[in-house]
Amino acid sequence: MYQISNFTDNDDVKIISELGAFQVVEYQRDLSVTPDSAVTAYYSSQMNVKKRQLVCSLDKSPVTIQAGAMQWMLGNVNATTGIKGVGDFLGKAVRGKATGESAIKPEYTGSGVLVLEPTYKHLILMDAADWGGSVVLDDGLFLACESSLKHKAVMRSNFSSAVAGGESLFNLSLNGRGVFCIESECPRDELIQIDLRDDVLKIDGNYAIAWSNTLEFTVERSGKSLIGSAASGEGLVNVYRGTGRVLMMPTAKMPNV
């Protein structure tokens, strides 16, 4: 048996969200400061620039995490590669190469607690059931999920436009039943949810962080012609077409903006 003290029972550490096997804890102030950094730490806390950690309860479910994300674990915890054979290894290696994610995502089973590395990013918990059991994530956002969710690489509909738009050709898809956590540049309060029913959403930039796998995702010219695109001042846009959900972070600062 074990007991954890001065963690979530600390007045400076607050549980800000909880879903499935996961809790997100947030440090209200950075107390590990020097006289030189105290002012920056103070104003950072006032502007919601705070450290956050994901706490995983393995008693509720085995979890799969991004490689290198573990900080500490407690209890009867077993770490595996999650690989179930040579074929599974090759499939994961190919998927990792295609999506830019780590090929091997460690899986933790047993009973106990697993705590991931702190981050200043916003940790957002979601249930795959809210996405019809299949959700696609933008590159580099995946942090952890309950191991009941299966990972797949999904290819966008048109190869040539993906290359022309400088976008990745593949994205990571989570499928099945379970809860997952992503790292977002924006807090949940600033995320916009758009539910499409046989409609089209066009976004000028890589602002969508998650979308239903039922949507057709392409990269297209913003106008009907090259001249029209040039006249509008826009070029290629990300297009989500069909019936499903898109989650956007419109306030995120994009490269070269």
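What you see is a predicted model, and the numbers here were worked out from it, not measured in a lab.

(A) Molecular detail of the overall build of the chain. The helix and strand inventory of the chain stands at four helices and 16 strands. Within the chain, buried positions represent 43% of all 257 residues. Looking at the chain alone, contacts between residues at least 24 apart form 79% of all its contacts between residues at least 6 apart. In the form shown here, the chain has an accessible surface area of approximately 13,600 Å², with 53% of it arising from carbon and sulfur atoms.

(B) How the structure looks around the confidence of the model for the chain. Looking at the chain, the pLDDT average stands at 85 and 80% of residues meet or exceed 70. Long-range and interchain partners of residues 93-99, a stretch whose pLDDT sits below 50, account for 15 contacts in this model, where long-range means more than four residues apart. Segment residues 226-233 is flagged for pLDDT under 50; beyond a separation of four residues in sequence, or across chains, it makes eight contacts in the model.

(C) Expanded view of the environment of Ile192. Counting through the fold element by element, Ile192 comes out in strand E13 (residues 192-203). In this view, Ile192 contacts Val246, Leu247, Met248 and Pro250; residues no more than four positions away in its chain are not counted.

(D) Structural view of helix H1 (residues 38-46). For H1, every residue scored as buried is listed here: Ala41, Ser44 and Ser45. One face of H1 carries all of its buried residues, which in axial projection span an arc of 95°. Relative to its buried face, H1 has exposed residues pointing more than 90 degrees away, namely Val39, Tyr43 and Gln46. Downstream of H1 by one or two residues, Asn48 has phi in the positive range, about 65°.

(E) Up close: the nonpolar core. Counting 21 residues, the largest nonpolar core has Leu137, Phe180, Ile182 and Ile209 as its most contacted members. Here Leu137 is in contact with Phe142, Asn171, Leu172, Leu174, Phe180, Ile182, Ile209, Ala210 and Trp211, once residues within four sequence places are set aside. Grouped together as the second largest cluster of nonpolar side chains are 19 residues, Phe22, Leu54, Leu58 and Val77 included.

(F) Looking closely at the pairing of strand E11 (residues 170-175). The buried fraction of E11 is high, at five of six residues. Relative to E11, strand E8 (residues 134-137) runs antiparallel, the two being bridged by four bridges. Directly across from Val136, in E11, lies its bridge partner Ser173. Examined bridge by bridge, strand E10 (residues 150-155) and E11 share six bridges and lie antiparallel to one another. Its bridge partner lying in E11, Ala153 is registered against Leu172.

(G) Quick look at the environment of Val154. Note that Val154 resides in strand E10. Residues Val154 and Leu172, spaced 18 residues apart in sequence, show a C-alpha to C-alpha distance of 6.4 Å. With sequence-adjacent residues up to four places away left out, Val154 is seen in contact with Val136, Leu169, Phe170, Asn171, Ser173 and Asn213.

The rules behind each value
Residues numbered from 1 in each chain as written. Predicted model: local features only at pLDDT ≥ 70, side-chain atom pairs only at ≥ 80, totals over all residues. Heavy atoms only, no water. Helix = DSSP H or I, 4+ residues; strand = E, 2+ residues; numbered from the N terminus. Buried < 20%, exposed > 50% of the residue type's maximum accessible area, 1.4 Å probe, protein only. Contact = heavy atoms within 4.5 Å. Areas by Shrake-Rupley, 256 points an atom, 1.4 Å probe, with all protein chains shown as cover. pLDDT = per-residue confidence, 0-100. Arc of directions from axis to C-beta. Core = buried A, V, L, I, M, F, W, Y, C linked by side-chain atoms within 4.5 Å. Pairing = 2+ DSSP bridges.

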